[in-house]
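Here is how the chains run, residue by residue.
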Amino acid sequence: HEKHITLALRKRGYESFLPTYVKSHRDSKHFDVPLFPGYVFCRLEAAKPLAVITIPGVFSIVGNGRVPEPIPEQEMSGIRQTLEMGLIACPWPYVEPGQEICLESGPLRGLRGLVISSRDAKWVVVSIHLLQRSIAVKVERESFSESSIKVRVPAASILSGNVQAVTESPRIHP
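Source: prediction; values computed, not measured.

Caption draft 1: Focus on the overall build of the protein chain. Tallying secondary structure elements over the protein chain gives 3 helices and 13 strands in all. Evaluated residue by residue, the protein chain yields a buried proportion of 41% over its 174 residues. Sequence-distant contacts in the protein chain: of pairs separated by 6 or more residues, those separated by 24 or more amount to 68%. A total of about 10,300 Å² of accessible surface is found on the protein chain, and carbon and sulfur atoms cover 55% of it.

Next up, the structure:
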């Protein structure tokens, strides 16, 4: 369970981050559920993963083979920023790197992401490319324009940083 792993990481002195959203059920119950099910984010030294991997429930550290792979700080700050602003976010199918916009105004000014349109709203999709997972954040149309900065992001781009994704053990359903 992601929440237990997050608490265990914090008890061991690690900075951890579990982005969540509120999911409503038909019976009007509301639950905080992970935006990236099965993943907890943790800042750790890649050369010393043993203290993290031995936490009960941790399955692995996301990376390239046995080497943990850092998640670009720009991607993590995009996720944090959307949640800190209290904006509505939800899981979204992964979107490949490509054309992005940069929000020019509003509380998320400077956030980069892909714009997705729906019947009644505009959403910006922010991705964690290493995990091939994304979230969508509802934004006001006035926050960006057609002249917004557009950047081509190579599929293999990795920026400096040391935030790692920790996967939980797969759940076994009876």
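Now that the structure has been shown, we can carry on.
Caption draft 2: Summary view of the pairing of strand S4 (residues 39–43). A large share of S4 lies buried, amounting to 4 of its 5 residues. Across 3 bridges, strand S1 (residues 15–17) lies against S4 in antiparallel orientation. Following the sheet pairing, Glu15 is matched in S4 by Arg43.

Caption draft 3: Local environment of helix H1 (residues 2–11). When H1 is considered as a whole, its buried residues turn out to be Glu2, Ile5, Thr6, Ala8 and Leu9. Axial view of H1: buried residues confined to an arc of 165 degrees, hence all on one face. Of the residues in H1, the exposed ones pointing more than 90 degrees away from the buried face are His4 and Lys11. Backbone geometry just after H1 places Gly13 at a positive phi near 90 degrees.

Parameters at a glance
- Residues numbered from 1 in each chain as written.
- Predicted model: local features only at pLDDT ≥ 70, side-chain atom pairs only at ≥ 80, totals over all residues.
- Heavy atoms only, no water.
- Helix = DSSP H or I, 4+ residues; strand = E, 2+ residues; numbered from the N terminus.
- Buried < 20%, exposed > 50% of the residue type's maximum accessible area, 1.4 Å probe, protein only.
- Contact = heavy atoms within 4.5 Å.
- Areas by Shrake-Rupley, 256 points an atom, 1.4 Å probe, with all protein chains shown as cover.
- Pairing = 2+ DSSP bridges.
- Arc of directions from axis to C-beta.

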